[in-house]
Amino acid sequence: MKKLFELLGIAIVLVVAGSSWGESFERILYLKGGNFVSASTAGDVNGDGYDDLITNIPDGTGNGHQGGPCIYLGPTPDSFADIILSSPLFDEYVFTAGDVNGDGYSDVMAWGMFRTPPYPYAAYLYLGNAPMDTVADIIFMDTLDNPLRAFPCPIGDFNGDGYDDIAIPFQNGSDWFTGIYFGDVSMDTIRDLVILGKPTVLEYPYYPSPVELDGDINGDGYSDIIIVRQDTLNRKDTLYIYYGDSIPDSTSDAFIVVDSVSDFSMAGDINGDGYSDIVIACGPAETHIFLGGNSFDTTTDIILPFGFKVSYAGDVNGDGFDDILIYTYGKNYLFFGSDPMDIQSDWQQNTCGGVLGTAGDLNNDGYDEFLTGKYPRTGHHYESPPYIEVWQCNVGIEEGKNSTPEYRLSVSPNPFVQSTTLEYSLTHPSSVSLRIYDISGTLVRTLIEDETKNAGKYEIVWDGNDNRDVNLPSGLYFCRFKTTKTTVTKKFIIIN
């Protein structure tokens, strides 16, 4: 498959003349938990242009689960929560839900068991707003016939209607199913689609939901989902892929068979070809990566020689390729995406406990932060204390670790409906070009053409129109930012 960046003739590498670039990592937030820790990017819940963090660790106290899930707002979160959500649940699992009602604010969810008898399970959905209140807007409850005893998951816009959707596995007798709930301006608790089968449900809370978060594997503009079903007798697991569609159905479109899945995740676009990829841990022996494509096949493209838990990390070093995190044997590893991707880790953390994930772009500098952490126990061995750490990658010249990059580039909001702001900064005067390309590599809009700019911070509000002043259709696009010494590309999505 010919890569988009080859079509553009762009080298997605950060280069300074006469120097090589390196990365250093800095811990920017530490939160200590109680019985169990869960954390996730919250997206931008209050619409201020900065991603936020949600965790079940309350308000810097370290006492655990006294006040409900907590949201720490970007750009500079500290150990004191900005929003404490109201919840009767114990040991909540928390995550972003995307934007289920299409109001431009990210929404969040918490799932867990009630603190009081008869201890039912429930999923609480909180809609973002400015200001955001603390009361759940939609509650998905256990029923006697259909207990919700597996983690819900955000699945992006599965049916392409402009609203993000969620999946909640449920039990019916001895069988398992997955309920799909389509987002809407007035989203309800009625299942819009049920996918049959018996997905894997492993011991709470240390293993994933059988449904994994969204990504567009085949590049058709719809988010896709994966459901894993386990054959414990033969130690073979099957991951069923369901492509999104305007009228999605419950028939799988592709499947992957691997040995003993311990975790899996959409990996973002690790090789920069415009398709979402899949990472599967067959712990602890190895991790398999499957690259997405228009004609997606089920052949493993990359094998890493270890892996027990895996996660999408975002684009940590701002090179246009998404990155992944892997946990195994008390160590976390970060692998930068590239084309081709190598099997040498780019960052390692010892004495950790398997909490992995993206923290989004908290300070809107064009670089995603990522989170790691430690459960209070591993298997049946109790350890203390559990914690969450948030890390940022500082990209600079290797000879001077304190040097700042020549540029900073961000696109926010992303995705966007009517307009977005492209923000960049320069540390010294430079010639600047800023161009927009579609997925085929065609130039569709020139925003800046070889203009000399002084050092400083700049913003351009773009209405999503092409050079003919015509609205561009929904889809994936690329912003190419070029200075005298550097070229970088950012991906973004238009929704019309």
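### As for the sheet that holds strand β23 (residues 323–328)
Here's step 1: Strand order across the open sheet formed by 4 strands is β22-β23-β24-β25, with antiparallel pairing between neighbours. At either end of the open sheet lies a strand with only one pairing partner, and these are β22 (309–314) and β25 (347–350). For this sheet, the mean angle separating the axes of adjacent strands, direction not counted, is 20°.
Here's step 2: Note that β23 and strand β24 (residues 331–335) share 5 bridges and pair antiparallel. Note that in β24 the partner of I324 across the bridge is F335.

### Some words on the sheet that holds strand β9 (residues 138–141)
Here's step 1: Strand order in the open sheet made by the 4 strands is β6-β7-β8-β9, with antiparallel pairing throughout. Only two strands of the sheet have a single partner each, and these edge strands are β6 (89–98) and β9. Neighbour-to-neighbour, the strand axes of this sheet turn through a mean angle of 20°, independent of strand direction.

### A closer look at the nonpolar core
Here's step 1: In terms of nonpolar packing, the biggest core is built from 21 residues, with L422, L434, I436, W462, F481 and F492 touching the most fellow members.
Here's step 2: When contributions to this core are tallied by element, the ones reaching two or more residues are β31 (407–412), β32 (420–426), β33 (430–438), β34 (443–453), β35 (456–462), β36 (475–482) and β37 (487–494).
Here's step 3: Ranked by size, the runner-up nonpolar core spans 19 residues in total, among them W111, L127, L148 and F170.

### Digging into the environment of D245
Here's step 1: Structurally, D245 is set in the loop between β16 (236–242) and β17 (254–259).
Here's step 2: Taking C-alpha positions, D245 is 8.3 Å from S223, a pair spaced 22 residues apart along the chain.
Here's step 3: With residues up to four places along the chain from it excluded, the contact list for D245 reads F158, N159 and Y222.
Here's step 4: Polar contacts involving the side chain of D245 include one to the main-chain amide nitrogen of I247, which spans 3.1 Å.

### Quick notes on the pairing of strand β12 (residues 175–181)
Here's step 1: With 6 of 7 residues buried, β12 is to be regarded as a mostly interior element.
Here's step 2: Both strand β11 (residues 165–172) and β12 contribute to a ladder of 7 bridges, which runs antiparallel. Counted as the bridge partner of N172 is D175 from β12.
Here's step 3: Counting the residues that bridge the hairpin from β11 to β12 gives 2 residues, and of these G173 lies at a positive phi of roughly 65°.
Here's step 4: Examined bridge by bridge, β12 and strand β13 (residues 193–195) share 3 bridges and lie antiparallel to one another. Across the sheet, T178 pairs through a bridge with I195, a residue of β13.

### Notes on a nonpolar patch on the surface
Here's step 1: Taken together, the side chains of V417, I493 and I495 make up a nonpolar region of the molecular surface, amounting to roughly 230 Å² of accessible area.
Here's step 2: Within the secondary structure, V417 is located in the loop between β31 and β32.

### Comments concerning the packing of aromatic side chains
Here's step 1: In this structure the tally under the stated criterion is 21 aromatic pairs.
Here's step 2: When the centroid spacing of 6.2 Å and the interplanar angle of 40° are considered together, the rings of Y240 and F255 count as tilted. Here Y240, found in strand β16, pairs with F255, found in strand β17; they are 15 residues apart in sequence, far enough to count as distant.
Here's step 3: Judged by its relative accessible area of 48%, F255 falls in the partly exposed class.
Here's step 4: When the centroid spacing of 6.2 Å and the interplanar angle of 40° are considered together, the rings of F306 and F335 count as tilted. Highlighted residues: F306 in the loop between β21 (302–304) and β22 and F335 in strand β24, separated in sequence by 29 residues. Each member of the pair, F306 together with F335, is buried.
Here's step 5: Over the ring of F170 we find R191; its NZ or CZ atom is 3.6 Å from the centre of that ring.

### Details of the confidence of the model for the chain
Here's step 1: Residue-level pLDDT values for the chain average 80, and 82% of them are 70 or greater.
Here's step 2: Overall, residues 1–22 carries pLDDT values under 50, and its contacts beyond four positions in sequence, including any with other chains, amount to 63 contacts.
Here's step 3: Here residues 198–211 is modelled with pLDDT under 50, and outside its nearest four sequence neighbours on either side it reaches 57 contacts, counting other chains as well.

### Overview of the pattern of salt bridges
Here's step 1: The final tally for this structure, using the stated rule, is 7 salt bridges.
Here's step 2: Between E423 and K457 there is a salt bridge, and its shortest N-O distance comes to 3.4 Å. With E423 in strand β32 and K457 in strand β35, the pair connects residues that are 34 residues apart, well separated along the chain.
Here's step 3: By relative accessible area, E423 is classed as buried at 16%.
Here's step 4: Residue K457 is classed as exposed on the basis of its relative accessible area of 58%.
Here's step 5: The salt bridge partner of R435 is E449, with a shortest N-O separation of 2.8 Å.

### Description of the environment of S262
Here's step 1: Here S262 shows up in the loop between β17 and β18 (263–266).
Here's step 2: Looking at S262, the relative accessible area reads 7%, which means it is buried.
Here's step 3: Along the chain, S262 and F308 lie 46 residues apart, while their C-alpha atoms are 5.9 Å from each other.
Here's step 4: Of note is the side chain of S262, whose polar atom sits 2.7 Å from the backbone oxygen of F308.

### Here's the deal with a negative patch on the surface
Here's step 1: On the surface, D161, D184, D188 and D192 cluster together into a patch of negative charge.
Here's step 2: Along the chain, D192 falls in the loop between β12 and β13.
Here's step 3: Owing to a relative accessible area of 41%, D192 belongs among the partly exposed residues under this scheme.

So, how was this worked out
Residues numbered from 1 in each chain as written. Predicted model: local features only at pLDDT ≥ 70, side-chain atom pairs only at ≥ 80, totals over all residues. Heavy atoms only, no water. Pairing = 2+ DSSP bridges. Helix = DSSP H or I, 4+ residues; strand = E, 2+ residues; numbered from the N terminus. Axes fitted to C-alpha atoms, helices over the stretch in contact; angles between N-to-C directions. Core = buried A, V, L, I, M, F, W, Y, C linked by side-chain atoms within 4.5 Å. Buried < 20%, exposed > 50% of the residue type's maximum accessible area, 1.4 Å probe, protein only. Contact = heavy atoms within 4.5 Å. Polar contact = N/O pair within 3.5 Å; in protein donor to acceptor, adjacent residues only side chain to side chain. Patch = residues over 30% accessible without salt bridge, like charges linked within 9 Å, V, L, I, M, F, W, Y side chains within 5 Å. Areas by Shrake-Rupley, 256 points an atom, 1.4 Å probe, with all protein chains shown as cover. Salt bridge = Lys/Arg side-chain N within 4 Å of Asp/Glu carboxyl O. Phe/Tyr/Trp six-rings, centres within 6.5 Å; stacked < 30°, edge-to-face > 60°. Lys NZ or Arg CZ within 6 Å of the ring centre and 35° of its normal. pLDDT = per-residue confidence, 0-100. Lys, Arg positive; Asp, Glu negative; His and termini not counted. Charge placed at Lys NZ, Arg CZ, Asp CG, Glu CD.

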